[in-house]
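Structure at a glance
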Amino acid sequence: MDYSVMKKCHDWIYCPVGILPWDRAGIYRVAEIDPFKEERKVKANDREHNEKFQYASNCIMTSKYNILTFLPVNLFEQFQEVANTYFLFLLILQLIPQISSLSWFTTIVPLALVLSITAVKDATDDYFRHKSDNQVNNRQSQVLIRGSLQNEKWMNVRVGDIIKLENNQFVAADLLLLSSTEPHGLCYIETAELDGETNMKVRQSVSVTAELGDPNNLASFDGEVVCEPPNNKLDRFCGTLYWLDRKYPLTNQNMLLRGCVLRNTEACYGLVIFAGPDTKLMQNSGRTKFKRTSIDRLMNTLVLWIFGFLVCMGVILAVGNAVWEREVGSLFQSYLPWDPPVDNFMFSAFLSFWSYIIILNTVVPISLYVSVEVIRLGHSYFINWDRQMFCSQCNTAAEARTTTLNEELGQVEYIFSDKTGTLTQNIMSFNKCSINGQTYGEVMDPVEKQPKRLDFTPFNPLADSDFCFYDEKLLESVKMGDSHTHEFFRLLSLCHTVMSEEKSAGELVYKAQSPDEGALVTAARNFGFVFRSRTPGTITTTEMGRTVTYSLLAILDFNNIRKRMSVIVRNPEGRIRLYCKGADTVLLERLHPCNQELMSITSDHLNEYGADGLRTLALAYRELSEDEWETWSESHRCADRATDCREDRLAAAYDKIEQDMMVLGATAIEDKLQEGVPETIALLSLANIKIWVLTGDKQETAVNIGYSCKMLTDEMTEVFIISGHTVQSVRQELRRAREHMIALSRAKGGGNDEGIGGWAEACFVGNGLKDGQEGDGTTGGGSKQLHCPSFPSSPSNDMDNISGEFALIISGHSLAHALEADMEAEFVLVACACKAVICCRVTPLQKAQVVELIKKHKKAVTLAIGDGANDVSMIKSAHIGVGISGQEGIQAVLASDYSFAQFRFLQRLLLVHGRWSYLRMCRFLCYFFYKNFAFTMVHFWFGFFCGFSAQTVYDQYFITLYNIVYTSLPVLAMGVFDQDVPDHRSLEYPKLYEPGQLNLLFNKKEFFICIAQGIYTSVVLFFVPYAVLSFATQSNGVPLANYQTFAVTTATALVIVVSVQIALDTGFWTIFNHMFVWGSVGSYFTIMFALHSQTLFRIFPNQFRFVGSAQNTLLQPVVWLTIALATAICVVPVLAFRFLKLDLKPQLSDTGEAEANQQVAALGGLAGTGASLRPPRRPGVDPGARTESPGGWTLSLETVQEALFGRRGCASASYCQGPPSDARETPYTE
């Protein structure tokens, strides 16, 4: 091996595999290989030799703990959280008698509860990991040991062992295939666990080991493999086999990776190269990047502010203590001296500071974090349980694969979507084709009379009965023996990687790696060119009823960089021909110059097909002489055997032979839109969500799909096309588009003179589409440009005030320039002013770069949705990733945060679940901070009346139970179940989504309002009882002005006030809300009477000192009058403010609720008919069905489920098929 070159070679490779960890969104770098440190040497059948290198065993361990390490490791992990460390610090302070006014259990009880809940969750998760590990490690495998096959557990398999695999068995480790029961050392595998693809793939052993099928022969095999170190690159392997004084190159085609399943192969043998954690499957099981929501980040900031506020309060009270001890406390020194070690007022103030830090620490409650996680978990279950997001066709339910991003679903501003398989069905059908300048095929139009479907059975008994085609001219051309037509379908039957399985005579089943390939091979099959079988060296077809076997000389693989695939075959007559199919952008430039006229006609056909929304490929061939083949074969063989920069050398060899080809024609495949896509996009657009489609298709196809799915409409003010090939041309087009937008916007606003209008009209020509016109798609750097007088460049704030609907279409080569550092700001400015953006011919890397660009410049919440491996980088880059479980495997799902089966479910995920989650979380946080400030600040006011002695107002047990018993469940119920409007109202009024985008419901302003309300409540709760009880007496004349009566009165008033407040804040009442709100009030009185009872006092006299206080206090009428007065003073201003706000500045949800009530009344005959704000109901929905008002009192669990997931019997498309026809005219109240 030439390591001197290898050490210098840095190979940048595009990785198409979906579950790889991506670097810079789709590109990974092959690290330098140090031959003395990083290479792996494996010797067959020699465990002693291999153990010298201390390679990993095949035992895997995905669990984190065992019985001994669980407690210390889990606690260490939990105390990595700042909040837990903070409360541990407070607990330590409380153990110091000189500064602690509270018992240690007031902090340790909630802290222990939080740690216990988290520990139980972690232990449960790890238990299932242990269970899964044990199940896998104890699987049985046949290992060749000392010349005989023995059953061994997977965990006991070692590097260098030879394993026998049988049909339908999982591969135990990463193996080098040595031999197989199939001819030529072939075997077939399924890689669903690796990349989600269920189609079979072929692997082949090295020819020199293919005959070692007998265990006796394999026992004497002593070859040595030198290969790359363990890595996560599923699609490549580089190594060399040394045996019998010769060396043989090894590639990925010789490897069987752990997680694969052996199919349609009786048995095979493999040499273990990587085991256990070194296997590529385990190397790819790294942790996904942790995503945090904007509310999380804001909450962390607010907690720091609260802590700063806590310190300030501690300082104020400590200063007060110093002043009081100096001026007043000194007078009591003779009979009330300071406790040791206090010897002066300054040290007393220092201790007082820490005492108040302990007492006031509840402004940062530990239960906040646990409550947030519980609420998010509940929201995730609601998504999983939503029957209207269940796809019955593929039996797939929606799945929330994370619990941390639910509320961010209610704040999305930009959606980045793949096209194929995401907006479309990814079920391909051969629709049109162009052969030798003649076009064939017809696109079905449901409005016109349906043409007659061709019957291929009389002509071809091997035809697929499900294949549909309607143009009889093409079939006649095949029957008449047209050479170009035959060559066209011969190419389709040979140039592919499809596997064929013949279940019975004439019953062929094709297994293709992509739906496109399957559709093309099926088309060739029906037109008489039937692919039958393949071996490593041959392809067998049936051509017009005659069996023909071609020698397969070479396969030039497809990848996303080459965008083409070729095969070189020798026909039975000995003629050698290269067949190539690929994207027209790369294939047409490799044609022979004599093809100019035919290439021009074919290009026109390709543009027509693209305009119809069809997926196109160009086809070409080249005749090769024996000398050309031999010369190229030798260079290809050298490149294939190279140990350094192998991919680059192969690509260069491929490019060399794929030149001077003759064009055959083009294919057009139809990929229909999914159900409900146009309605979903229209509805999301009304919610002020901007949708960008990032596709690898050509411009014409993307534009047509844009119109089909309502992204582009004839009513749009302008559709701009950016297609320059140079940096300068792209910059000019972007600037002219920006100036054009500003001019049209000013003209539309009426604030411009005639000159600006004329300028706008002059600028219109040549840079866009209007009135549904389509661009030719061929303009580039020399394309038709805007020829107009120069217009002064406007600042970015002019773009923010753009009126009118614009769209932008940009090609991949233009996008590459637009993403450059000096032009990205210009691109973002123009693109973000558009309602829709379509990027054509983009690579997976560019998809991720576009997402990162918007995250960088707009600070908006982004969502990426896709279904294939090429979408993974985009999904991981966005704030929220959504995977569609479609036809391209589950790579996108594995990398996503949420997944479902149909694009139309996205509207329900965002407009219903996302909006509800955001609303609930915001209301939860506002109330949580309010109730804790109302509770804690009473201590602050009390400090001024107790000589700043750090005395608590409440009983220590009340302090302990306030956040974990008395007030925790009501706010949890609100955070989990609350609604402002039902689900169908959220879909009917998409503008309801905008508060989340603008972050209106919980921000720094709302936080300070909550804090102000909490401080106001604390003032009332302290000073009203203080003022009343100072002069109140019992019926027997005994004064009520004592500490315990004041504590009970204040605590009772607090519980009642916060309970009434949450009753006012709750917008949707369920049985759980009633149970938790009124149950919490009842539990307060029950627990308080129990804690103040004689029984507990007799048992623990030093702990329960409020004996009899509750009974004595609450028997006094003046106490209840005081509580009622405090409650009224706290609640009445809130009610008055809300009524005024509802009357003067109502929200859209308030208007929608009022309108719903009016409609219910009108339908019931209680009110007259009148104009309705709400669009008409969708078909299939009972207009007289009872609608629960969000403020109604509903005690039925069935009603809760109905409101959460829709009405019973409601089809998936009933409420969520999209906006009503008059949605644009619906007036909204801001």
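Quantities reported herein were computed from a predicted structural model and do not represent experimental measurements.

What counts, and at which threshold
- Residues numbered from 1 in each chain as written.
- Predicted model: local features only at pLDDT ≥ 70, side-chain atom pairs only at ≥ 80, totals over all residues.
- Heavy atoms only, no water.
- Helix = DSSP H or I, 4+ residues; strand = E, 2+ residues; numbered from the N terminus.
- Contact = heavy atoms within 4.5 Å.
- Areas by Shrake-Rupley, 256 points an atom, 1.4 Å probe, with all protein chains shown as cover.
- Expected span 1.5 Å × (residues − 1).
- Buried < 20%, exposed > 50% of the residue type's maximum accessible area, 1.4 Å probe, protein only.
- Polar contact = N/O pair within 3.5 Å; in protein donor to acceptor, adjacent residues only side chain to side chain.
- Axes fitted to C-alpha atoms, helices over the stretch in contact; angles between N-to-C directions.
- Parallel < 35°, antiparallel > 145°, perpendicular 65-115°, else oblique.
- Left-handed = near helix turned anticlockwise from the far one by under 90°.
- Nonpolar A, V, L, I, M, F, W, Y, C, P; charged D, E, K, R; others polar.
- Phe/Tyr/Trp six-rings, centres within 6.5 Å; stacked < 30°, edge-to-face > 60°.
- Lys NZ or Arg CZ within 6 Å of the ring centre and 35° of its normal.
- Core = buried A, V, L, I, M, F, W, Y, C linked by side-chain atoms within 4.5 Å.
- Pairing = 2+ DSSP bridges.
- Salt bridge = Lys/Arg side-chain N within 4 Å of Asp/Glu carboxyl O.
- Patch = residues over 30% accessible without salt bridge, like charges linked within 9 Å, V, L, I, M, F, W, Y side chains within 5 Å.
- UniProt positions renumbered as here; feature names shortened; annotations may be inferred.

1. Notes on the overall build of the protein chain
- On a plain count of helices and strands, the protein chain comes out with 42 helices and 36 strands.
- Counted over contacts in the protein chain with a minimum sequence separation of 6, partners at least 24 positions apart contribute 74%.
- By element, 56% of the accessible surface of the protein chain is carried by carbon and sulfur atoms, the whole surface being about 51900 Å².

2. Here's the deal with helix 34 (residues 1004–1029)
- If you check helix 34, its first and last C-alpha atoms are 37 Å apart, about what 26 residues at 1.5 Å a residue would give, namely 38 Å.
- Among the residues of helix 34, Phe1007, Cys1010, Ile1011, Gly1014, Thr1017, Ser1018, Val1020, Leu1021, Phe1022, Val1024, Pro1025 and Leu1029 are the ones counted as buried.
- Those residues of helix 34 hidden inside the fold are in contact with helix 9 (294–327), helix 29 (905–943), helix 35 (1043–1065) and helix 39 (1117–1144).
- Capping of helix 34 at its N-terminal end is provided by Asn1003; its side-chain oxygen lies 3.0 Å from the backbone amide nitrogen of Lys1005.

3. So, the packing of helix 4 (residues 82–94) against helix 10 (residues 345–359)
- In contact at an axis separation of 10 Å, helix 4 and helix 10 are set at 125° when each is read in the N-to-C sense. Regarding the angle of helix 4 to helix 10, the classification is oblique. Remark: the crossing between helix 4 and helix 10 carries left-handed chirality. Facing helix 4, whose interface residues are Phe89, Leu90, Leu93 and Gln94, helix 10 presents Trp354, Ile357 and Ile358.
- In terms of residue class, the contact of helix 4 with helix 10 is made up of 6 nonpolar, 1 polar and no charged.

4. Thoughts on the environment of Trp1120
- With respect to the helices and strands, the residue Trp1120 is situated in helix 39.
- Note on Trp1120: relative accessible area 37%, which makes it partly exposed.
- Sequence separation of Trp1120 and Ala1053 is 67 residues, and the distance between their C-alpha atoms is 8.9 Å.
- Dropping the residues within four chain positions of it, Trp1120 is found in contact with Ile1056, Phe1085 and Leu1114.
- Of note is the side chain of Trp1120, whose polar atom sits 2.7 Å from the backbone oxygen of Leu1114.

5. Here we look at the packing of aromatic side chains
- Going through the model one piece at a time under the given rule, you end up with 62 aromatic pairs.
- Pairwise contacts between aromatic rings join Phe940, Trp941, Phe942, Phe944, Phe945, Phe948, Phe1022, Phe1023, Tyr1026, Tyr1043 and Phe1046 into one cluster.
- The lysine or arginine in question, Arg525, covers the ring of Tyr510, its NZ or CZ lying 5.4 Å from the ring centre.
- We note Lys931 situated over the ring of Phe928; from NZ or CZ to the ring centre the distance is 4.2 Å.

6. A word on the environment of Asn138
- For Asn138, the location among the structural elements is in the loop between helix 5 (105–137) and strand 4 (140–145).
- Considering only alpha carbons, one finds Asn138 and Met155, 17 residues apart in sequence, at a separation of 6.7 Å.
- Once you skip the residues sitting within four places of it in the chain, Asn138 turns out to touch Lys153 and Met155.
- Within the structure, Asn138 has its side chain in polar contact with the backbone oxygen of Asn134 (distance 2.8 Å).
- A distance of 3.4 Å separates the side chain of Asn138 from the side chain of Lys153, its partner in a polar contact.

7. Details of unusual backbone geometry
- You will see that Asp245, though not glycine, has its phi angle at about 60°, which is positive.
- For Asp245, a relative accessible area of 87% corresponds to the exposed category.
- Look at Lys563: it is not a glycine, yet its phi comes out positive at around 60°.
- Among the residues examined, Lys563 registers a relative accessible area of 24% and is labelled partly exposed.

8. Things to note about the nonpolar core
- Residues Phe924, Leu925, Tyr954, Phe958, Phe1002 and Leu1054 are the most contacted members of the largest nonpolar core, which totals 106 residues.
- At 18 residues, helix 29 tops the list of elements feeding residues into this core.
- Those residues in contact with Phe958 that lie beyond four places of it in its chain are Phe935, Tyr966, Ala1051, Leu1054, Val1055 and Tyr1084.
- Residues Cys709, Leu863, Tyr898 and Phe903 belong to the second largest nonpolar core, which totals 52 residues.

9. A closer look at the sheet that holds strand 26 (residues 576–582)
- Judged by pairing direction, the sheet is antiparallel, and its 9 strands sit side by side in the order 19-18-28-27-26-25-24-23-22 without closing on themselves. The two strands at the open ends of the sheet, each matched to only one other strand, are strand 19 (438–441) and strand 22 (529–534). The average angle at which neighbouring strand axes cross in this sheet is 30°, direction not considered.
- Looking at chain direction, strand 27 (residues 615–624) and strand 28 (residues 662–673) are connected through 7 bridges and run antiparallel. Each bridged residue has a counterpart across the sheet, and for Leu617 the counterpart in strand 28 is Thr667.

10. Some details on the sheet that holds strand 4
- Ordered in space as 5-4-6-15-7-13, the 6 strands form an open sheet in which the pairing is antiparallel. Both outer strands of the open sheet, strand 5 (148–153) and strand 13 (255–256), are each paired with one neighbouring strand and no more.
- Examined bridge by bridge, strand 7 (residues 174–180) and strand 13 share 2 bridges and lie antiparallel to one another. Bridging from a neighbouring strand, Leu175 pairs with Leu256 of strand 13.

11. Re the pattern of salt bridges
- A full pass over the atoms with the stated rule returns 45 salt bridges.
- One salt bridge in this structure joins Arg908 and Asp386, with 2.6 Å as the shortest N-O distance. One end of the pair, Arg908, is in helix 29; the other, Asp386, is in the loop between helix 11 (367–385) and strand 16 (399–400), and 522 residues separate them in sequence. With respect to burial, Arg908 and Asp386 carry one shared label: buried.
- Where Glu658 meets Arg562, a salt bridge forms, and the shortest distance between an N and an O atom there is 3.0 Å.

12. Some points on a nonpolar patch on the surface
- Nonpolar side chains collect at one region of the surface, where Ile316, Phe944, Phe945, Phe1023 and Tyr1026 lie side by side and expose about 450 Å² of accessible area between them.
- Tracing the backbone shows Phe945 in the loop between helix 29 and helix 30 (956–966).

13. Considering the UniProt feature "active site" (unreviewed entry) in the protein chain
- UniProt marks Asp418 with the feature "active site" (unreviewed entry), using the numbering shown here.
- Within the element layout of this structure, Asp418 appears in the loop between strand 17 (412–417) and strand 18 (424–435).
- Judged by relative accessible area, Asp418 falls into the buried class, the value being 5%.
- Excluding residues that lie within four positions of it along the chain, Asp418 makes contacts with Leu423, Leu694, Lys847, Ile865, Gly866, Asp867, Asp871 and Met874.

14. Quick word on the pairing of strand 5
- Here 6 bridges tie strand 4 to strand 5, and the two strands are oriented antiparallel to one another. Residue pairing in the sheet places Ile145 in a bridge with Ser148 of strand 5.
- Hairpin geometry of strand 4 and strand 5 is characterised by an intervening segment of 2 residues between the two adjacent antiparallel strands and by a positive phi of about 50° at Arg146.

15. Thoughts on the packing of helix 9 against helix 10
- Where helix 9 contacts helix 10, the two axes come as close as 8 Å, and the packing angle between them is 145°. At the point where helix 9 passes helix 10, the crossing takes the right-handed sense. Contacts from Leu310, Val311, Gly314, Val315, Leu317, Ala318, Asn321, Ala322, Glu325 and Arg326 of helix 9 reach helix 10 at Phe345, Ser348, Ala349, Ser352, Phe353, Tyr356 and Ile357.
- Partitioned by chemical class, the residues of the contact of helix 9 with helix 10 number 11 nonpolar, 4 polar and 2 charged.

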